[in-house]
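Chain and residue survey
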Amino acid sequence: MEEVSSSVEAKEVLQLVGQTSLNLKGEKHPTVKRKQNTSELLAGTWVHEEDSLAVIEITDTTFSFVYQVHVADKYRLHIADELTQFINPDTRAKYLVLSNQADTLYDELNGIDKHTLSLTWFPTMRAHVYKRVSH
């Protein structure tokens, strides 16, 4: 590894890799946090807000519907930036495309954080809200 030549460069390098909470003068600075991408936020087990027996389990490549602890359907997960068969291509949103040998399902990702997931199913336009139970 090359030696950093100036204190400004050293400070920037340390902040970029997020390995310090102090600058070179000893002043406190927040550590750099990496922003989670959509698939990382989706990963986990989610329980439907209105029906606690309805669960979805998501990994970076799979989306499984579970009902009463039995896997009902398992799909390959793809995250898309447009869904032209339902939505104007100029609309900025994230969509989940779920596919298996028998079917393809489409959802709009209305919102997600570490506790709540909101989806709208196409073409019915029915919204579903889930709460995270594990990551």
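Scroll up a little and you will see the structure.
Residues numbered from 1 in each chain as written. Predicted model: local features only at pLDDT ≥ 70, side-chain atom pairs only at ≥ 80, totals over all residues. Heavy atoms only, no water.

**Thoughts on the environment of Thr-59**
With respect to the secondary-structure elements, Thr-59 resides in the loop between strand S2 (54-58) and strand S3 (62-67). Since its relative accessible area comes to 36%, Thr-59 is described here as partly exposed. Put simply, Thr-59 and His-135 are 76 residues apart on the chain and 9.5 Å apart in space, counted from C-alpha to C-alpha. A polar atom in the side chain of Thr-59 sits 2.8 Å from the side chain of Thr-62. (Helix = DSSP H or I, 4+ residues; strand = E, 2+ residues; numbered from the N terminus. Buried < 20%, exposed > 50% of the residue type's maximum accessible area, 1.4 Å probe, protein only. Polar contact = N/O pair within 3.5 Å; in protein donor to acceptor, adjacent residues only side chain to side chain.)

**Some thoughts on the sheet that holds S2**
Read around the barrel, eight strands follow the order S1-S2-S3-S4-S5-S6-S7-S8 and close on themselves; strand pairing throughout is antiparallel. Taking the axes of each pair of neighbouring strands and ignoring which way they run, one obtains an average angle of 35° across the sheet. Sheet topology places strand S1 (residues 44-48) next to strand S8 (residues 126-134); four bridges connect them, and they run antiparallel. When the sheet's bridge partners are listed, Trp-46 is paired in S8 with Arg-132. (Pairing = 2+ DSSP bridges. Axes fitted to C-alpha atoms, helices over the stretch in contact; angles between N-to-C directions.)

**Here's the deal with the environment of Ala-93**
Within the fold, Ala-93 resides in the loop between strand S4 (70-80) and strand S5 (94-99). Once the C-alpha coordinates of Ala-93 and Leu-83 are considered, the two residues, 10 residues apart in sequence, prove to be 9.1 Å apart. The residues touching Ala-93, leaving out its near neighbours within four places in the chain, are Ala-80, Asp-81 and Glu-108. (Contact = heavy atoms within 4.5 Å.)

**Structural notes on the pattern of salt bridges**
Inspection of the entire model under this criterion finds one salt bridge. The salt bridge partner of Lys-94 is Asp-81, with a shortest N-O separation of 2.9 Å. Here Lys-94, found in strand S5, pairs with Asp-81, found in the loop between S4 and S5; they are 13 residues apart in sequence, far enough to count as distant. (Salt bridge = Lys/Arg side-chain N within 4 Å of Asp/Glu carboxyl O.)

**Quick notes on unusual backbone geometry**
Note that the residue after Phe-122, namely Pro-123, is joined by a cis bond; omega there is 0°. Within the fold, Pro-123 resides in the loop between strand S7 (116-122) and S8. One non-glycine residue, Gln-68, lies in the positive phi region at around 50°. Topologically, Gln-68 is positioned in the loop between S3 and S4. According to the relative accessible area criterion, Gln-68 is partly exposed, its value standing at 45%. In this model, Val-69 sits at a positive phi of 65°, which is unusual for a non-glycine residue. Looking at where Val-69 falls in the secondary structure, it is placed in the loop between S3 and S4.

**Some details on the pairing of S8**
Relative to S8, S7 is paired through six bridges, and the arrangement is antiparallel. Bridge pairing in S8 places Thr-120 opposite Ala-127. A loop of three residues connects S7 with S8, the two strands running antiparallel in sequence, and Met-125 in this loop sits at a positive phi of about 65°.

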